Amino acid sequence: SSDLLILQASLTKKWMGRVEFVLLNEACRINGEWKPELLKLVLKKIFTHGYGIIFIDSVQDIIDKLKDFCDMTEGQAERFMLGLIEKTCDSQNQKEIYTAVIAVQQVTKGGIFKGSNKLKHSITGMLHLEMDERGQRYAVFSKNRRHGANVNKKMYFGLNKDNIIEYDLPSFLQTEKINQGLKEAKENQKAQSDN
């Protein structure tokens, strides 16, 4: 089996055909009949398998399904999901490997993180994909435990002629250089006023 699993509500992209994926709505069917009571069992099986990467789209969708079909409260469903994620990330799975879990989470129309902050507090990093006033796309971390200095820094990207994501590294480095110069000027000004 592949070391990448995509857990999603529906199959929408051609590239998904190249990786192993689970459609929860289909995984919980027996002979075509929807069996929602299987949802917790299916999720446990996925998270204890030992995939190298699990991509979830979306956490809130799964929590809503657990609430609707497994007689769980929002808090219980959230704790159940977080427990599965934390254990597999900590190599508590059949292959005893550290799984990377990439989870899509919804935001409100105003760009505010949707749901409780428990997920946000328990994860390693939170990356937002945004669009500026000019319509240019960028990625920005609001949390990054591995490289905390790279929080709140916009990295612009787009698709090149081969439909491959390309980052605008020269602009990023130029912005970093300008910001460093401003920081040094501010420090010099403060040092001079202290003398």
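Counting restarts for each chain, with residues numbered from 1 along the sequence as it is written. Totals for whole chains, interfaces and linings use all residues, but because this is a predicted model, local features are given only for residues with pLDDT of at least 70 and pairs of side-chain atoms are given and counted only at 80 or more. Side-chain figures throughout are based on the complete set of non-hydrogen atoms in the structure, without hydrogens or water.

S.K.: Please explain the overall build of the chain as it appears in this structure.
M.R.: Secondary structure assignment for the chain yields six helices and ten strands. The buried share of the chain, reckoned over its 195 residues, is 29%. A contact between two residues is defined here by any heavy atoms of the two lying within 4.5 Å. Once local pairs closer than 6 in sequence are excluded, the contacts in the chain between residues at least 24 apart make up 39%. Looking at the chain as shown, the accessible area adds up to about 13200 Å², and 52% of this sits on carbon and sulfur atoms. Strands here mean DSSP runs of E at least two residues long; helices mean DSSP runs of H or I at least four residues long; both are numbered from the N terminus. Burial status follows relative accessibility: with a 1.4 Å probe on protein chains alone, a residue under 20% of its type maximum counts as buried, one over 50% as exposed, and anything between as partly exposed. Areas reported as accessible are Shrake-Rupley estimates using a 1.4 Å probe. Residue values count occlusion only from the protein chains shown.

S.K.: How should a nonpolar patch on the surface be read in this particular structure?
M.R.: A patch consists of residues exposed above 30% relative accessible area that lack any salt bridge, with like charges linked at up to 9 Å and nonpolar side chains (Val, Leu, Ile, Met, Phe, Trp, Tyr) linked at up to 5 Å. A pair is scored as a salt bridge if a Lys or Arg side-chain nitrogen falls within 4 Å of a carboxyl oxygen belonging to Asp or Glu. A grouping of Leu 159, Ile 165 and Tyr 167 is seen on the molecular surface, where their side chains present a nonpolar patch of about 340 Å² in accessible area. When you line up the elements, Tyr 167 lands in strand S10 (residues 165-167).

S.K.: Help me understand the nonpolar core in this model?
M.R.: Here, the term nonpolar core denotes a set of buried Ala, Val, Leu, Ile, Met, Phe, Trp, Tyr and Cys residues that are joined through side-chain atoms within 4.5 Å. With 28 residues, the main nonpolar core has Leu 43, Phe 47, Ile 56, Leu 66 and Met 81 as its most contacted residues. Counting only elements with at least two residues in this core, the list comes to helix H2 (39-49), strand S5 (53-57), helix H3 (59-69) and helix H4 (74-89). Ranked by the residues each element gives to this core, the list is headed by H4, at six residues.

S.K.: Which parts of the structure should I look at to understand the pattern of salt bridges?
M.R.: Pairing between side chains of opposite charge can happen when their charged atoms approach one another. By the definition in use, this model includes eight salt bridges. One salt bridge connects Asp 64 with Lys 67, and the closest N-O pair in it is separated by 3.7 Å. Of the two residues, Asp 64 and Lys 67 both sit in helix H3, three residues apart, roughly one turn of that helix. According to the relative accessible area criterion, Asp 64 is partly exposed, its value standing at 29%.

S.K.: Sorry, what's going on with the confidence of the model for the chain here?
M.R.: With 90% of its residues at a pLDDT of 70 or more, the chain has an overall mean of 83. pLDDT is defined as a per-residue confidence score from the predictor, taking values between 0 and 100. H4 holds the highest mean pLDDT among the elements of the chain, 93, whereas strand S1 (residues 4-8) holds the lowest, 48.

S.K.: Is there a simple way to explain the sheet that holds strand S9 (residues 155-159) in this structure?
M.R.: Working definition: the strands of a sheet are paired by backbone hydrogen bonds and lie parallel or antiparallel to each other. Criterion used throughout: strands pair if DSSP finds at least two bridges between them. Taken in spatial order, the four strands line up as S7-S8-S9-S10 in an open sheet, and their pairing is antiparallel. At either end of the open sheet lies a strand with only one pairing partner, and these are strand S7 (125-131) and S10. Here the strands of the sheet are splayed against their neighbours by 35° on average, with no regard to which way each runs. In terms of strand pairing, S7 meets strand S8 (residues 137-144) through seven bridges, oriented antiparallel. Within the sheet, the bridge partner assigned to Leu 127 lies in S8 and is Phe 141. The convention used is that axes are lines fitted to C-alpha atoms, helices contributing only their stretch in contact, and that angles between N-to-C directions extend from 0 to 180 degrees.

S.K.: Looking at this structure, I do not really get the layout of surface pockets. What am I missing?
M.R.: Take a probe with the size of a water molecule and roll it over the atoms, and the empty space left behind shows itself. What the largest pocket holds in volume is close to 1400 Å³. A pocket here means an open set of points on a 1 Å grid, computed over the protein atoms alone, that has protein on both sides within 12 Å along at least five of seven lines. A cavity is instead a set of points where a 1.4 Å probe fits but cannot get out; residues with an atom within 4 Å of a point line either one. Around the largest pocket, the lining comprises 37 residues; the ones closest to its centre are Ile 102, Ala 103, Gly 125, Met 126 and Leu 127. Among the secondary structure elements, those contributing two or more residues to the lining of the largest pocket are H4, strand S6 (100-104), helix H5 (118-122), S7, S8, S9 and S10. Grid points are joined across faces, edges and corners, and a volume is the space filled by probe spheres set on the points.

S.K.: Just checking my understanding: could you explain the environment of Ser 122 for this structure?
M.R.: Residue position: Ser 122 is located in helix H5. Taking the relative accessible area as the measure of exposure, Ser 122 reaches 28% and is therefore partly exposed. The spatial distance from the C-alpha of Ser 122 to the C-alpha of Ile 85 is 9.6 Å, given a sequence separation of 37 residues. In this structure, Ser 122 is in contact with Leu 82, Glu 86, Lys 143 and Arg 145, ignoring residues within four places of it in sequence.

S.K.: Please clarify how the pairing of S5 should be interpreted in this entry.
M.R.: Regular strands place their side chains on alternate faces of the sheet. Only one face of S5 is covered, namely the one carrying Ile 54 and Ile 56; the face carrying Ile 53, Phe 55 and Asp 57 has none of its residues buried. With five bridges connecting them, S5 and S6 associate as parallel partners. If you follow Ile 56 over to S6, its bridge partner there is Ala 103.

S.K.: I tried to follow H2 on my own but got confused; where do I start?
M.R.: Every α-helical turn comprises 3.6 residues, leaving residues that sit three or four positions apart pointing alike. For H2, the full list of buried residues reads Leu 39, Val 42, Leu 43, Ile 46 and Phe 47. Projected down its long axis, H2 shows its buried positions confined to an angular sector of 120°, all on one face. In H2, the exposed positions that point more than 90 degrees away from the buried face belong to Leu 41 and Lys 45. Looking one or two residues past H2, Gly 50 carries a phi angle of roughly 105°, positive in sign. The arc in question is traced by the directions running from the helix axis to the C-beta atoms.

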